[in-house]
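Spelled out from the first residue to the last, the chains are:
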Amino acid sequence: MDTFVEHFHDRQDVERMQYELFGRTGLKVSKVSFGTGTFSQLYGDLDEAEALEAVKLAAKRGINYFDTAPFYGQGRSEEVLGKALRQIPRQAYYVATKVGRYEREFERMFDYGAAKTRESVERSLKLLGVDYIDVVQIHDVEFAPDLDTVVRETLPTLEALRGEGKLRYIGVSAYPLDVLKEIISRAPGRFDTVLSYCRNTLFDDALKGYIPFFKANKLGIICASGHGMGLLTNGGPQPWHPSDQQMKLVCREAADYCAREGVELGKLAMHHCIQMAGPATFLAGMQTTTLVDINLDAYFNGLSGKEAEVLAYLKERVFSKISNTHWEGVELKAYWAAMKEAKL
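### Remarks on the overall build of the protein
Part 1: The helix and strand inventory of the protein stands at 12 helices and 10 strands.
Part 2: In terms of C-alpha radius of gyration, the protein reaches 19 Å, essentially the compact-globule figure of 20 Å for 344 residues.
Part 3: The dimensions of the protein, computed from C-alpha atoms along their principal axes, are 55 × 55 × 40 Å.
Part 4: Across the 344 residues of the protein, 57% fall into the buried class.
Part 5: Pairs at least 24 apart in sequence give 77% of the contacts found in the protein among residues at least 6 apart.

Below is the structure:
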């Protein structure tokens, strides 16, 4: 395995971990990967020392793909991940970040222009403490003024930076799956990876309908947030979560049932998510060693008899109540309304 480093890795876990070809890149990525949206105010206060330990533990146990973005804590996530990666041999990991989404205020949140894209990659290199970034993804392209901007400005800038050796591969992310299909169709052969999030969960299986298209385009598929950005955990989602009230109530019912049964909903959600065929890697946000252990337990060991019973009950009796399985358009509507208001 290309990323194995003697005297660093836990050999037993690395030998149990599945490493999948990542589209046309030639990289082999761990079936479970590590997301760092959690290294920001988005998911509450961060214990930095614990986060650093979580990254190191994950790497030692065979996770070799780490994902971040400037938007996560406005550089904080990249900075903390960079500190952690300095303790890990460069050969042992692939690191991915993003461009396009930046600040918390709506007016400064998105910029898909060429100058900002270049500036962002240069800043990410410094914060991450690396000479090159393995994958740079264009973040949440549905928020671009139009997809032409992405194709004419963002993408060629990333291609130029790749030519300079500052990044290796180019990816794209979005919540609406049709938008991903459209941007990939507009720039055939120019994307290497695609990230879809919250679309392969206990309440939404829409991603499976797009896997053949992504495969036909030889893309490395990243299936992110099987936990539904916190909805599918005993702790529940953050106040900003864009899902409707009915979905939140049903997920709360599921979490309460799990708590009464002594089961962690997050483990059930992870186990369910990683059953899907097609994605090269399943990306989960983690900020503690406990979460690393829970997610790897779901992957390496599956579910106990009790956990399997609880999951079957939830699928049949609880999640079947959800009437609207996604929140597509909710954040876009809020964003454009805020932008219109700002111009008045």
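Text resumes after the structure shown.
### Things to note about the side chain of Ser124
Part 1: Mapped onto the secondary structure, Ser124 falls in helix α4 (residues 114-128).
Part 2: You can call Ser124 buried: its relative accessible area is 1%.
Part 3: A polar side-chain atom of Ser124 sits 2.6 Å from a polar atom in the side chain of Glu78.
Part 4: Beyond its immediate stretch of four places on either side in the chain, Ser124 contacts Pro70, Glu78, Thr97 and Ile133.

### Some details on the packing of α4 against helix α5 (residues 147-163)
Part 1: Two elements in contact, α4 and α5, have axes whose closest approach is 8 Å; the angle formed by their N-to-C orientations is 40 degrees. When the interaxial angle is binned, α4 and α5 end up oblique. Our pair here, α4 against α5, has a crossing hand that is right-handed. Residue-level contacts link Ala114, Thr117, Arg118, Val121 and Glu122 of α4 to Glu153, Thr154, Thr157, Leu158, Ala160 and Leu161 of α5.

### Observations regarding the sheet that holds strand β5 (residues 94-99)
Part 1: The strand order around the closed barrel built from 8 strands is β3-β4-β5-β6-β7-β8-β9-β10, with neighbouring strands paired in parallel fashion. Across the sheet, the mean angle from the axis of one strand to that of its neighbour is 30 degrees, orientation sign disregarded.
Part 2: As judged from the 3 bridges shared by strand β9 (residues 220-224) and strand β10 (residues 281-285), these two strands associate in the parallel manner. Paired with Ile222 across the two strands is Thr281, which belongs to β10.

### A word on the environment of Ala92
Part 1: Its place among the elements puts Ala92 in the loop between α3 (76-85) and β5.
Part 2: Judged by its relative accessible area of 0%, Ala92 falls in the buried class.
Part 3: In this structure the C-alpha to C-alpha distance between Ala92 and Glu331, which are 239 residues apart in sequence, comes to 36 Å.
Part 4: With residues near it in sequence (within four places) discarded, Ala92 still touches Thr3, Val5, Phe8, His9 and Asn64.

Basis of the calculations
Residues numbered from 1 in each chain as written. Predicted model: local features only at pLDDT ≥ 70, side-chain atom pairs only at ≥ 80, totals over all residues. Heavy atoms only, no water. Helix = DSSP H or I, 4+ residues; strand = E, 2+ residues; numbered from the N terminus. Rg over C-alpha atoms; globule rule 2.2 N^0.38 Å. Buried < 20%, exposed > 50% of the residue type's maximum accessible area, 1.4 Å probe, protein only. Contact = heavy atoms within 4.5 Å. Polar contact = N/O pair within 3.5 Å; in protein donor to acceptor, adjacent residues only side chain to side chain. Axes fitted to C-alpha atoms, helices over the stretch in contact; angles between N-to-C directions. Parallel < 35°, antiparallel > 145°, perpendicular 65-115°, else oblique. Left-handed = near helix turned anticlockwise from the far one by under 90°. Pairing = 2+ DSSP bridges.

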